[in-house]
Amino acid sequence: MTIGIRRARVEEAELCWRIRNLAIVDQCQVCYPLSAITAWTPETMPVGYRQAILEHPFYVAEDRQGQLLATGYLDSETHRVEAIFTLPEAMRQGLASRVMARIKQEAREQGLSVIALSSTPNAQGFYEKQGFIRVREDTHFSPSADYSFDCVEMVCRLG
């Protein structure tokens, strides 16, 4: 399968949001209750998500037919990796790793020496394989979900 990594287009925001939600529902039930996941993955995309595509280096992995399979972006202000998600049927094909490699390249081009992220507990192993190290356990309270999500704060030194 030929896969390309490119910048997302604003008109793809809803599709990127759908990939996010499908990945969360598929992968996060091992660490969070379904009620919290359901509240965390509303069908209606927040306005800020479209804005993220416009304002930050937001990447997608697409197949030869142009189907989007994975997403991820670097918040240019906070130097944090956000939204690494893969469609469930496209997982375990190295797509998230390729998106992460492009985000790291972008960070280096911006002159960054360190990037950070908050990982769900189930994704920690993936991020460790990408060179991230655990800094601490934490929680993130989501008012929309009315739930405190366990997370792992991680950093990656870029060399």
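Residues numbered from 1 in each chain as written. Predicted model: local features only at pLDDT ≥ 70, side-chain atom pairs only at ≥ 80, totals over all residues. Heavy atoms only, no water.

Novice: Just checking my understanding: could you explain the overall build of the protein for this structure?
Specialist: What the protein contains, in helices and strands, is 5 helices and 7 strands. From first element to last, N terminus to C terminus, the protein shows the α and β order β-α-α-α-β-β-β-α-β-α-β-β. Computed over its C-alpha atoms, the radius of gyration of the protein comes to 15 Å, within 12% of the 15 Å expected for a compact globule of 159 residues. Along the first, second and third principal axes, the C-alpha set of the protein runs to 35 × 35 × 30 Å. A buried classification covers 47% of the 159 residues belonging to the protein. Within the protein, contacts between residues separated by at least 24 positions form 62% of all contacts whose residues are at least 6 apart in sequence. (Helix = DSSP H or I, 4+ residues; strand = E, 2+ residues; numbered from the N terminus. Rg over C-alpha atoms; globule rule 2.2 N^0.38 Å. Buried < 20%, exposed > 50% of the residue type's maximum accessible area, 1.4 Å probe, protein only. Contact = heavy atoms within 4.5 Å.)

Novice: Hey, could you run me through the layout of surface pockets in this one?
Specialist: Taking a probe equal in size to a water molecule and rolling it over the atoms shows the remaining empty space. Approximately 1,300 Å³ is the volume attributed to the largest pocket. Residue lining of the largest pocket: 45 residues in total, with Trp40, Ile84, Phe85, Thr120 and Tyr127 positioned closest to the centre. By residue number, the principal contributor to the lining of the largest pocket is strand β4 (residues 80-86), which donates 7 residues. Tallied by class, residues from the lining of the largest pocket come to 26 nonpolar, 13 polar and 6 charged. (1 Å grid on protein atoms, 1.4 Å probe; cavity = no way out; pocket = protein on both sides within 12 Å on 5 of 7 lines; lining within 4 Å. Points joined across faces, edges and corners; volume = space filled by probe spheres on them. Nonpolar A, V, L, I, M, F, W, Y, C, P; charged D, E, K, R; others polar.)

Novice: Got a minute to help me understand the environment of alanine 61 in this structure?
Specialist: Note that alanine 61 resides in strand β2 (residues 58-63). Look at alanine 61 and you get buried, because its relative accessible area is 0%. With 17 residues separating them along the chain, alanine 61 and threonine 78 place their C-alpha atoms 23 Å apart.

Novice: Is there a simple way to explain unusual backbone geometry in this structure?
Specialist: Phi is mostly negative for residues that are not glycine, and the peptide bonds are mostly trans. Non-glycine residue histidine 79 carries a positive phi angle of around 60°. Residue placement: histidine 79 occurs in the loop between β3 (68-75) and β4. Despite not being glycine, aspartate 146 has its phi angle at roughly 50°, a positive value. Inspection of the secondary structure assignment puts aspartate 146 in the loop between β6 (133-142) and β7 (147-157). For aspartate 146, a relative accessible area of 60% puts it in the exposed group.

Novice: Would you take a moment to explain the pairing of β4 for this structure?
Specialist: Consecutive side chains of a regular strand alternate in pointing toward one face of the sheet and then the other. When you tally the buried positions in β4, you get 5 out of 7 residues, the bulk of the element. Adjacent in sequence and paired antiparallel, β3 and β4 are bridged by 4 residues, among which histidine 79 carries a positive phi angle near 60°. (Pairing = 2+ DSSP bridges.)

Novice: Help me understand the packing of aromatic side chains, please; the structure alone is not making it clear to me.
Specialist: What describes a pair of aromatic rings is the distance from one ring centre to the other and the angle between the planes of the rings. In this structure the tally under the stated criterion is 10 aromatic pairs. Both rings, one in tyrosine 147 and one in phenylalanine 149, keep their centres 4.8 Å apart while their planes meet at 70°; by these two values the pair is edge-to-face. For tyrosine 147, a relative accessible area of 24% puts it in the partly exposed group. Among the residues examined, phenylalanine 149 registers a relative accessible area of 4% and is labelled buried. Members of the aromatic cluster, connected to one another through ring pairs, are Trp17, Tyr49, Phe58 and Tyr73. The ring of tyrosine 59 has arginine 7 lying over it, and the distance from NZ or CZ to the ring centre is 5.8 Å. (Phe/Tyr/Trp six-rings, centres within 6.5 Å; stacked < 30°, edge-to-face > 60°. Lys NZ or Arg CZ within 6 Å of the ring centre and 35° of its normal.)

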